[in-house]
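Single-letter residue listing:
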Amino acid sequence: MAQIASFRKTLGSGTVTEDTAFEHRMIHDEGRLTVAALSASTNTRVRIKYVFDNAGGAEQTESDIQTLDLTQNVLTLVNFDFPAGLIRVTYDDNGSSMSGGDLKIDAHVG
């Protein structure tokens, strides 16, 4: 498996507005996708989204594939055994204040 994205950010304590960690358009020979997420902060949410290209490509529609409410200092892995098209991975708080700490998200394809 090859790593295609790596996101690192130190989150502050408090609330966070949803932001994009990374996007990746899978190609035909990238048959599988694995997303690994680890947060030292409490109340961290990561969303994996499928992005639909609209006609003309000017506007995009996204839909959640998986929402992960991370447990502090516990590695979470999500595997997709198919080429997922264009994916977007975002991070946010889960509705409660974060305690702060490092957030790490990696994506691998194979």
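Residues numbered from 1 in each chain as written. Predicted model: local features only at pLDDT ≥ 70, side-chain atom pairs only at ≥ 80, totals over all residues. Heavy atoms only, no water.

Asker: Give a detailed account of the pairing of strand β8 (residues 101-109), specifying residues and quantitative values.
Answerer: Bridge analysis of strand β1 (residues 2-11) against β8 gives nine bridges, and the strand direction is antiparallel. Considered in β8, the bridge of Q3 is made with H108. Where strand β3 (residues 33-39) lies against β8, seven bridges are found, and the strand directions are antiparallel. Considered in β8, the bridge of T34 is made with H108. (Pairing = 2+ DSSP bridges. Helix = DSSP H or I, 4+ residues; strand = E, 2+ residues; numbered from the N terminus.)

Asker: Report on the pattern of salt bridges, specifying residues and quantitative values.
Answerer: Evaluated as defined, the whole model comprises nine salt bridges. Notably, a salt bridge pairs R88 with E23, separated by 2.5 Å at the nearest N-O pair. Of this pair, R88 sits in strand β7 (residues 86-93) while E23 sits in strand β2 (residues 19-25); the two residues are 65 residues apart in sequence, bridging distant segments of the chain. By relative accessible area, which is 12% here, R88 ends up buried. (Salt bridge = Lys/Arg side-chain N within 4 Å of Asp/Glu carboxyl O. Buried < 20%, exposed > 50% of the residue type's maximum accessible area, 1.4 Å probe, protein only.)

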